[in-house]
Amino acid sequence: MAKNLVVTGGAGYIGSHVAVDLINAGHDVLIIDNFVNSHPKAIERIKEIAPGRIDLLERDLANADHADEIVDAIKTFGADGAVHLAGLKAVGESVEKPAKYYSTNIGSALTLIRALEAANAKSLVFSSSATVYGDYNDNPVTEDGETGATNPYGRTKLFIEEILKDIARADNDWKIVNLRYFNPVGAHPSGKIGEDPNDIPNNLFPYIAQVAIGRREKLTVFGNDYATRDGTGVRDYIHVCDLARGHVKALDWLSGQKNGVVKDINLGAGVGYSVLEAVSAFKRASNRDIPYEIAARREGDIAEIYADAGLANELLNWKAEKSLEEMCADHWRWQSQNPNGYKTD
Ligand code: UDP
């Protein structure tokens, strides 16, 4: 059944792919984004890929002065539920500026909760992260693994999960899924939307892509002395389109659930690749050289993590379908068609 769905952070990397999938599934979408870490061009591109009803509210969920207007807009839109992706996501910056991370990420979630309560639209899919597992679990990691983030960014994800659990306990009308993403990479196969970091990329794939296109001289590999098969860090890379599809599945699943449900669900491919394996795959996909140098480990990094994605398969009938080759080919298509991200045109 077609629904009216709010997507906070809908102009961002993951949000733009989620918006496309929701529109393609027949839903109407209201994007709320302040473009702090995203670009208005993404909205035009979403519309090119997925024609349908898409509204935009350019406001900051963490700004108390915008809150009333956001609440009104969500009510007027006639929201049935939301996907909440808005927030800051740079681990290093969160260590330097913890208060900024707590006020922005938790403040945004609280404003959205207030608005959904006012609109009586108490279905929510929250973009959480595998970072909530810290370094305390054996691989593959299951949802009942131990949690404990190692930096303020990760703690905002964990705290919001906990806040949502309290809210659903107090008010049985809520239905909530916390999607714990592993490492989203790749881009829409059209090459029209993708990841567009504002600054020097923190994450591996956007960095590799910028080296391949010639914007950066070489990749720094953070450590080759981990207890992994080639000594470099191992992660569970998941194609952003697979990830986006998981949100549609999660919302569908929530529709059929009784009130009061709250579930944590991993979205990962269930396979780990090392940094050097990712570099080789990207090299093959782009046919470009990717020079790299080995450096010291990055503080806070863990050796290896990959998902047990069985629960998503069981509950949502979802599993990752796209290979590492497709992730690299699609990431490269986006990067080569948009060498400077959305800022080129
Ligand atoms: N990594 C790297 N060089 C970079 C960025 C990342 O060697 O410039 C490594 C990092 O140490 C980790 C993997 O690539 O083993 C994935 O890092 P990313 O920051 O993308 O994700 P996360 O660490 O949050 O899982």
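Residues numbered from 1 in each chain as written. Predicted model: local features only at pLDDT ≥ 70, side-chain atom pairs only at ≥ 80, totals over all residues. Heavy atoms only, no water.

Asker: Mind showing me how you'd approach the pattern of salt bridges here?
Answerer: Should the charged atoms of two oppositely charged side chains come close, the side chains can pair. Summed over the entire model, instances satisfying the criterion amount to 27 salt bridges. Glu48 is the salt-bridge partner of Lys192, the closest N and O atoms lying 2.8 Å from each other. Here the residue Lys192 occupies a position in the loop between β7 (183-185) and α7 (204-213), and Glu48 occupies one in helix α2 (residues 41-49), the gap between them amounting to 144 residues. Taking relative accessible area as the criterion, Lys192 reaches 29% and is therefore assigned partly exposed. Note that Arg245 and Asp242 form a salt bridge whose closest N and O atoms lie 2.8 Å from each other. Separated by three residues within a single helix, Arg245 and Asp242 lie in helix α8 (residues 240-255), roughly one turn from each other. Residues joined by salt bridges that share partners form a network here, namely Glu161, Lys165, Arg180 and Asp264. (Salt bridge = Lys/Arg side-chain N within 4 Å of Asp/Glu carboxyl O. Helix = DSSP H or I, 4+ residues; strand = E, 2+ residues; numbered from the N terminus. Buried < 20%, exposed > 50% of the residue type's maximum accessible area, 1.4 Å probe, protein only.)

Asker: What is the right way to look at the nonpolar core in this model?
Answerer: Generally speaking, a soluble globular protein has its nonpolar side chains buried in company with each other. Leu22, Leu219 and Phe282 are the most contacted members of the largest nonpolar core, which has 66 residues in total. Counting residues per element, this core draws most heavily on α8, which supplies eight residues. Not counting chain neighbours up to four residues away, the residues in contact with Leu219 comprise Leu204, Tyr207, Ile208, Val211, Val275, Val279, Pro291, Tyr292 and Glu293. Counting residues in each nonpolar core, the second largest holds 29 residues, with Ile32, Leu112, Leu124 and Ile176 among its members. (Core = buried A, V, L, I, M, F, W, Y, C linked by side-chain atoms within 4.5 Å. Contact = heavy atoms within 4.5 Å.)

Asker: What's the story with the packing of aromatic side chains in this structure? I'm lost.
Answerer: Think of a pair of aromatic rings as described by two things: how far the centres are apart, and how the planes are tilted against each other in angle. As enumerated under the stated definition, the model contains six aromatic pairs in all. Seen from their ring centres, Tyr102 and Phe159 are 6.0 Å apart, and the 25 degrees between their planes marks the pair as stacked. One end of the pair, Tyr102, is in helix α5 (residues 98-118); the other, Phe159, is in helix α6 (residues 152-170), with 57 residues separating them in the sequence. Of the residues examined, Phe159 reaches a relative accessible area of 38% and is grouped as partly exposed. Ring plane angle 75 degrees and centroid distance 6.1 Å describe the contact between Phe205 and Phe282, whose orientation is recorded as edge-to-face. With Phe205 in helix α7 and Phe282 in helix α9 (residues 275-286), this pair connects stretches of sequence that are 77 residues apart. Overall, the relative accessible area of 0% leaves Phe282 in the buried class. (Phe/Tyr/Trp six-rings, centres within 6.5 Å; stacked < 30°, edge-to-face > 60°.)

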